[in-house]
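Spelled out from the first residue to the last, the chains are:
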2 protein chains.
Amino acid sequence: MASERSQFSILNSQFAGLTTPLFLVDRDIVRRNCDRMHEKAARSGVAFRPHVKTHKTLEIGRMQHGGAIGPITVSTLAEGEFFAAAGFRDITYAVPIAPEKLERVAALAAKVERVNILLDNERTLRAVEEFHCAHGAAFDVFLKIDCGSHRAGVDPDDPASVALAQAIAKSPATRLRGALAHAGHSYAGRNADEIRAVAHEESDAVTSFRDHLGSPDLIRSIGSTPTASVVDRFTGCDEVRPGNYVFFDAYQATIGSCALGDCAVSVLATVIGSYPERRSLVLDAGALALSKDAGPNHVDPNFGYGIVCDLELRPLPLKLVSLSQEHGKVEGEPSAIARLPIGTMVRVIPNHSCLTAAMYDTYQVVAHGAIVEQWKPVRGW
Amino acid sequence: MASERSQFSILNSQFAGLTTPLFLVDRDIVRRNCDRMHEKAARSGVAFRPHVKTHKTLEIGRMQHGGAIGPITVSTLAEGEFFAAAGFRDITYAVPIAPEKLERVAALAAKVERVNILLDNERTLRAVEEFHCAHGAAFDVFLKIDCGSHRAGVDPDDPASVALAQAIAKSPATRLRGALAHAGHSYAGRNADEIRAVAHEESDAVTSFRDHLGSPDLIRSIGSTPTASVVDRFTGCDEVRPGNYVFFDAYQATIGSCALGDCAVSVLATVIGSYPERRSLVLDAGALALSKDAGPNHVDPNFGYGIVCDLELRPLPLKLVSLSQEHGKVEGEPSAIARLPIGTMVRVIPNHSCLTAAMYDTYQVVAHGAIVEQWKPVRGW
């Protein structure tokens, strides 16, 4: 069994009192992932505003900018407030704004240089104007563009979208800063070529909209980890906002955004039940330790709930077939099951690192095969 | 729109500064669910050891015993330590024990009257014996029985299982207290009749095993919320351990464990995008606000990620078709979409309340249509 010859010496570390499940973050891989994307943005001559929603930690927020403070994208106001308190001063809140949240946005914006909000409809613009009349605050706005994922955003080729952008630009309540797209449908890709096609749609949508509007200064902001990862250089945009790339995960590795060796996080789990006669074993990592993302089922309908690996992160011939709250059921050939007796530790590369990370109050930071630090993410909304 | 005539006055409450998503717990429904199960156990003359894993709060832990401290079941040692610190003194840790966790179990057991652990194999028994030799502690043990879910546990009809129970009974390291089964396969039921058949399997398994062993004092412990909910009276067992019943959820209501009106929790969310032309809208409740359980897909393959309701918890003709981290995408007829303009609040009954509750550090406790209290669950392991 790999553990006997492993360089992975977690139990000899200063954190030996910890019990599984644990969320392990490989510091060197995170730094490498961060540096690569940061350098690609610099090389491409575009602004870099990485998303912090995947990791939600100050440590990685700084790594995303090569160790410095820089512009960021957030998915919750709790993230915005947490990073602002630590000195981050240029923040895009990249979820369509709810009118009820304007008061918190205004309070946050008063503490930093800039908070950009997302708008994609007139009704919210009116709510922003009402807030402006009542409280005086004006808001920096990106118009949300639907580039094909059909989740949120306006059609970039609809004249009504241009009219909305013009209304935002003219309103005393708002300053139009740019057009923002997120190629969520890149996750439906099966390989790098398919994702590259989506990357073109993403940059084409914001560029086409800028041309319709006739405003050369409009910032074209794009960003999904698949599209940002498969291109050699960013073109057709002014700003990029990927987030998941700091960790990557089993999903990203399967669709071709990264190699499996780029996955920076894993859940350390212990075998607590072994049933070779039933071709199964049970881990102490269930739905609360891994989250319950079904993974890239469009590539493999029986992908399982993560990739079960040995302590060196080599995939084992096993499938994580089901998760209950604190049990992960794994199936495999009796010989593979027998090689993992009770008490053996394994590492599971999660399907969706953003969701798995959110299950932990503390990340165990691994370097040179041992836990060396603990990082604390912000939680909630 | 329902909100205009709603009795649900959350925004007039003392907690008006809160922003969605919020996890709402209806105190009266929780109490009713707790009382019904507690009374059923009393009426049946069986011991009651409810699971606290669904809610993880002291407040509901006491409600489960009619306002008193009583025996409980936990799914993590963090729960055990949290409830022990609040005075709970009789605890079953109902996940097969990992040898590495014995030290924490022993420390917990030293502070309370009793901590029962689960065993289902000789290898772990040997680890317990080694721990006993080194540290002197002896452990109260339930033998885990597989009653048909094939996740963990021994075959009750296998002579080797009887031999293992005898070894546990004889070992100086362990005290054999009972046989414990969990009918996880009850969740595959489609209606109350199918679940009742599984309930028989559950009690038959522990009874059959007790008879094979020939130990009348062996405690026969059973418990899943579906099986515990559909029977009028507990028979063929000595102890019951349901947990999810305190909240119930969309899954339980769909398979017939409860009525929809028994669901005690919902996620309060706000419409942040409305696209009648695309037959969709977007809520500010995504995978982190709802968790990503696919729900009772064996009953309805297109069930969606929860039941979207108005503020009075009346289901709306909408389907929650996909979740990304902070977006919930809802589809429906254009007329239904148009009735929920931006800023409208809805309540989503989650598919799996155990997993959804775990996404929140604070529960907003609702009574008489307003938030009246906040409860804090324990987290982690």
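Bear in mind that the values here come from a model prediction, so they are computed numbers and not experimental data.

J.: Which parts of the structure should I look at to understand the domain arrangement of chain A?
T.: One widely used convention gives an interface's size as the accessible area the parts lose upon coming together. All names here are of chain A. As far as domains go, chain A holds domain 1 (2-25 + 259-375) and domain 2 (51-242). One C-alpha centre belongs to domain 1, the other to domain 2; they are set 35 Å apart. Opposite the 7 residues of domain 1 that make contact, domain 2 presents 7 residues.

J.: Would you take a moment to explain the interface of chain A and chain B for this structure?
T.: With 49 residues of chain A in contact, the opposing surface of chain B contributes 49 residues. Elements represented by at least two residues in the side of chain A that touches chain B include exactly β4 (90-96), α5 (122-135), β10 (265-275), α10 (287-290) and α12 (353-357) of chain A. Residues that form the side of chain A that touches chain B fall into these classes: 18 nonpolar, 16 polar and 15 charged.

J.: How should the sheet that holds strand β5 (residues 114-119) of chain B be read in this particular structure?
T.: By way of backbone hydrogen bonds, the strands of a sheet pair with one another, either parallel or antiparallel. Residue and element names in this part refer to chain B. A sheet is described by the order of its strands in space; here 8 strands give the open sequence β2-β9-β8-β7-β6-β5-β4-β3, paired in parallel fashion. Strands at the two margins of the open sheet, each flanked by one partner only, are β2 (47-48) and β3 (72-74). Direction of pairing for β5 relative to strand β6 (residues 139-145): parallel, over a ladder of 4 bridges. The residue of β6 that forms the bridge with Ile-117 is Val-141.

J.: Quick question: what am I supposed to make of the packing of helix α3 (residues 77-85) of chain A against helix α4 (residues 102-109) of chain A here?
T.: A pair of packed helices can be characterised by two numbers: the angle between their axes and the separation between those axes. Residues and elements named next belong to chain A. Look at α3 against α4: their axes get within 11 Å of each other, and the N-to-C directions meet at 15 degrees. Classed by the angle they form, the pair α3 and α4 counts as roughly parallel. In the packing of α3 onto α4, the handedness of the crossing is left-handed. Residues Leu-77, Gly-80, Glu-81 and Ala-84 of α3 pack against Arg-104, Val-105 and Leu-108 of α4. A class-by-class count of the residues in the contact of α3 with α4 yields 4 nonpolar, 1 polar and 2 charged.

J.: Even after reading the chapter, I still don't get the sheet that holds strand β8 (residues 219-222) of chain A, so can you show me in this structure?
T.: Residues and elements named next belong to chain A. Read across the open sheet, the 8 strands follow the order β2-β9-β8-β7-β6-β5-β4-β3; overall the sheet is parallel. Pairing within the sheet leaves two strands with one partner each, and these edge strands are β2 (47-48) and β3 (72-74). Note that β8 and strand β9 (residues 239-240) share 2 bridges and pair parallel. Residue pairing for β9: Ser-221 is matched across the bridge by Glu-239.

J.: Mind showing me how you'd approach the relation of the copies chain A and chain B here?
T.: Mapping between the two copies of the chain is achieved by a rotation about an axis and a shift along the axis. With an axial shift of 0.0 Å and an RMSD of 0.0 Å, the rotation relating chain A to chain B amounts to 180 degrees. The symmetry that links the two subunits is that of a two-fold axis. Minimal C-alpha distance to the rotation axis in chain A is attained by Lys-292 of chain A, lying at 2.8 Å. A shared binding surface is used by both copies, with 100% of the interface residues of chain A retained as interface residues in chain B.

J.: Is there a simple way to think about the pairing of strand β15 (residues 345-349) of chain A in this case?
T.: All names here are of chain A. Buried residues dominate β15, accounting for 5 of its 5 residues. Where β10 meets β15, 4 bridges bridge the pair, whose relative direction is antiparallel. Across the sheet, residue Leu-268 finds its bridge partner in β15, namely Arg-347.

J.: Explanation requested: the environment of Asp-238 of chain B in the structure shown.
T.: Residues and elements named next belong to chain B. Take Asp-238: it is sitting in the loop between α8 (225-230) and β9 (239-240). We classify Asp-238 as buried; it has 20 C-beta atoms within 10 Å. Here the alpha-carbon distance between Asp-238 and Ser-44, two residues 194 residues apart in the chain, equals 9.4 Å. In contact with Asp-238, not counting residues within four places along its chain, are Val-46, Ala-47, Ile-219, Arg-220 and Ser-221.

Parameters and conventions
Residues numbered from 1 in each chain as written. Chains lettered and ligands numbered in written order. Predicted model: local features only at pLDDT ≥ 70, side-chain atom pairs only at ≥ 80, totals over all residues. Domains from an automatic or database assignment. Contact = placed C-beta atoms within 7 Å. Helix = DSSP H or I, 4+ residues; strand = E, 2+ residues; numbered from the N terminus. Nonpolar A, V, L, I, M, F, W, Y, C, P; charged D, E, K, R; others polar. Pairing = 2+ DSSP bridges. Axes fitted to C-alpha atoms, helices over the stretch in contact; angles between N-to-C directions. Parallel < 35°, antiparallel > 145°, perpendicular 65-115°, else oblique. Left-handed = near helix turned anticlockwise from the far one by under 90°. Least-squares fit on C-alpha atoms with pLDDT ≥ 70 in both. Buried ≥ 20, exposed ≤ 12 C-beta atoms within 10 Å, placed from the backbone.

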